[in-house]
Amino acid sequence: MLSPKKVKYRVVQKGRVRRKAHRGSDLEFGDFGLQATEAGFMSARQIESARIAITRHIKKGGKIWIRVFPGKPIFKKPAETRMGKGKGNLEGWVAVIRPGRILYEIEGVDREVAKEAFRRAGHKLSFATKFLSRSS
């Protein structure tokens with residue numbers, strides 16, 4: 001699972017996503033990409049699960065780029081706990097996803113294979129995505 005080696009602050013506030021992504025919203029490496037159309041958090045488990053779905057579908061062909069990294073800690077208090085007494089324990093790491101962010105890119109496979117691989121990866125995520133190609 002992906003997680004940072006070191007962070008400046010151990011505890012961060014949750015925050016909210018207000019606008020579209022400017023950075024990371026263009027295809028940079030591959031010919032096809034998976035783009036987020038809604039805001040949300042993408043956990044390290046979701047990143048890995050979608051990566052596995054893509055690699056299993058494209059088999060040995062092609063190259064994959066993961067364009068997101070989980071750098072935000074998420075904390076959660078145990079169930080049936082009274083209010084107060086601190087923030088809770090570290091639950092995991094998430095990547096903050098803004099609308100328009102490119103999540104994955106593929107190169108070296110044909111369009112139909114890439115489209116199906118990204119469709120399968122999109123089912124692993126908790127927000128809507130769309131398929132991009134360099135030609136469109």
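A short tour of the structure in this document, coming up.

Conventions we followed
Residues numbered from 1 in each chain as written. Predicted model: local features only at pLDDT ≥ 70, side-chain atom pairs only at ≥ 80, totals over all residues. Heavy atoms only, no water. 1 Å grid on protein atoms, 1.4 Å probe; cavity = no way out; pocket = protein on both sides within 12 Å on 5 of 7 lines; lining within 4 Å. Points joined across faces, edges and corners; volume = space filled by probe spheres on them. Nonpolar A, V, L, I, M, F, W, Y, C, P; charged D, E, K, R; others polar. Pairing = 2+ DSSP bridges. Helix = DSSP H or I, 4+ residues; strand = E, 2+ residues; numbered from the N terminus. Axes fitted to C-alpha atoms, helices over the stretch in contact; angles between N-to-C directions. Contact = heavy atoms within 4.5 Å.

## A closer look at the layout of surface pockets
Regions of empty space are outlined by a rolling probe, equal in size to a water molecule, passed over the atoms.
Here comes step 1: The calculated volume of the largest pocket comes to roughly 180 Å³.
Here comes step 2: What lines the largest pocket is simply Arg16, Val17, Ala21, Arg23, Val68, Phe69, Ala95, Val96, Ile97, Arg98 and Arg101.
Here comes step 3: Here the lining of the largest pocket is composed, by residue class, of seven nonpolar, no polar and four charged.

## Quick look at the sheet that holds strand 6 (residues 102-107)
Here comes step 1: Taking strand neighbours across the sheet as the criterion, the four strands line up as 3-6-1-7 in an open arrangement whose pairing is antiparallel. Single-partner strands in this sheet number two, and they are strand 3 (63-66) and strand 7 (129-133). Taken over all neighbouring pairs, the strand axes of this sheet differ in orientation by 20 degrees on average, direction set aside.
Here comes step 2: In this structure, strand 1 (residues 32-36) lies alongside strand 7, joined through five bridges in antiparallel fashion. Along strand 7, the bridge assignment pairs Leu34 with Phe131.
Here comes step 3: On top of the sheet, helix 1 (residues 44-58) reaches strand 3 and strand 6; it is set at about 20 degrees to strand 6, its chief contact.

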